[in-house]
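# Structure at a glance
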Amino acid sequence: MAGGATECCRHIVCEGCPVLLVIDEKRRFIFRVERGRVQGSDRGTVRHDDLIGLRYGSRVRLSSGIYALVLQPRLVDYMERGLRRRSQVIYPKDHGLILMLLDIEPGNRVLEIGVGSGYTTIVLARAVGPEGKVYSYEIRRDMFETARRNLETVGLLDRVELKHRDARLGVDEENLDAAVVDMPDPWAVLPVLHRALRPGAGVVFFLPAVNQVARLLAALELHGGWAETRVYEVLLREYEPRSDALRPRTTMIAHTGYLVYTRRIERDMGQHQDTDKGG
Ligand SMILES: C[S@@+](CC[C@H](N)C(=O)[O-])C[C@H]1O[C@@H](n2cnc3c(N)ncnc32)[C@H](O)[C@@H]1O
């Protein structure tokens, strides 16, 4: 890398730094800068060598004469066009609330069941910081590999222990600070979660269908080791940022899924049946 070590990739584009090149709203490219390479588009090309030494936030002239913005890619930019996507994923609008409900902070140890493409793994890995750890269980080998590659792309693989396992059979960790569960039959892991979480720790279940929510609520009640349960749906409406015609965008993502939040409490064994085989 060229340039001052602390400035590289933060203030200044150096060799090896990630770049988000914005030509217009539809033409947005994420890549790492490599000497000798050229980034193409139907609106012109740019040589990577011409990006080296630029400050992020500046413009670069393409071969066509038009200018493009040079920015640092954020996690949401990677999620929109810089990662492989092989499963349904949780969206940033839901990630924000998940992090707040679970009170996740640097140093936390967090369980994730149902990794899919790893989008949520990435968000959790960012939130727990370099001192924290995310323990992520995925039953399918192809999803496991996709998530691993995506974590590598954003440079967060070292904060995650990816496990190719069926979480219904149990997890290795104990005393965890929080959990996120995104799988079709989450009622089947309530005993596993109860054993893995520390007292008072929270879990968020992500469920696309409302009948799954009803079934999960019934299983939580039957199990008896949970309290403070809440159900949410997050609706996000984006606006056209035009000072002369400010109005909502004509399209929006109408539905992604429901979030069910609950906290681990001590079970009252006198009142509740043993549901260790699932709800
Ligand atoms: C919808 S995807 C998760 C997407 C992920 N939350 C994201 O934001 O990218 C659900 C995943 O759960 C996995 N899964 C289903 N049952 C599982 C189980 N018993 N143990 C571990 N993973 C499981 C599926 O293979 C699938 O990859």
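As named in an unreviewed UniProt entry, the protein chain is Protein methyltransferase, taken from Pyrodictium delaneyi.

### Side note on the site of the ligand
Taken together, 23 residues surround the ligand, and among them I90, T120, E138, D166 and D182 come closest. The backbone of A167 places a nitrogen or oxygen atom 3.0 Å from a nitrogen atom of the ligand. Surface burial for the ligand is 91%, taken as the share of its 610 Å² of free accessible area covered by protein chains. Contributing elements (two or more residues each) for the shell around the ligand: α4 (119-128) and β8 (133-138). Classifying every residue of the shell around the ligand gives 10 nonpolar, 7 polar and 6 charged.

### A word on the UniProt feature "binding site: S-adenosyl-L-methionine" (unreviewed entry) in the protein chain
Feature annotation in UniProt assigns "binding site: S-adenosyl-L-methionine" (unreviewed entry) to the following positions: E138 and D182. Spanning 45 residues, the named residues nonetheless gather at one spot, since no C-alpha pair among them exceeds 10.2 Å. With near-sequence residues (within four places) excluded, E138 lies in contact with G114, V115, G116, M143, F144, K163, H164 and R165. A polar side-chain atom of E138 sits 2.9 Å from the main-chain amide nitrogen of G116. Among the secondary structure elements, D182 is positioned in the loop between β10 (176-181) and α6 (190-196). Among the residues examined, D182 registers a relative accessible area of 25% and is labelled partly exposed. Excluding anything up to four places from it in sequence, D182 contacts I90, I113, G114 and F206.

### Quick look at the side chain of T121
Structurally, T121 is set in helix α4. T121 has contacts with E112, V115, V134, S136, L151 and V160, leaving out every residue within four places of it along the chain.

### What to know about the confidence of the model for the protein chain
Here the protein chain averages 94 in pLDDT, while 94% of its residues score no lower than 70. Strand β7 (residues 109-113) holds the highest mean pLDDT among the elements of the protein chain, 99, whereas helix α2 (residues 75-81) holds the lowest, 95. Here residues 274-279 scores under 50 on pLDDT; set against residues more than four positions off or in separate chains, the count is 12 contacts.

So, how was this worked out
- Residues numbered from 1 in each chain as written.
- Predicted model: local features only at pLDDT ≥ 70, side-chain atom pairs only at ≥ 80, totals over all residues.
- Heavy atoms only, no water.
- Near = heavy atom within 4 Å.
- Polar contact = N/O pair within 3.5 Å; in protein donor to acceptor, adjacent residues only side chain to side chain.
- Areas by Shrake-Rupley, 256 points an atom, 1.4 Å probe, with all protein chains shown as cover.
- Helix = DSSP H or I, 4+ residues; strand = E, 2+ residues; numbered from the N terminus.
- Nonpolar A, V, L, I, M, F, W, Y, C, P; charged D, E, K, R; others polar.
- UniProt positions renumbered as here; feature names shortened; annotations may be inferred.
- Contact = heavy atoms within 4.5 Å.
- Buried < 20%, exposed > 50% of the residue type's maximum accessible area, 1.4 Å probe, protein only.
- pLDDT = per-residue confidence, 0-100.

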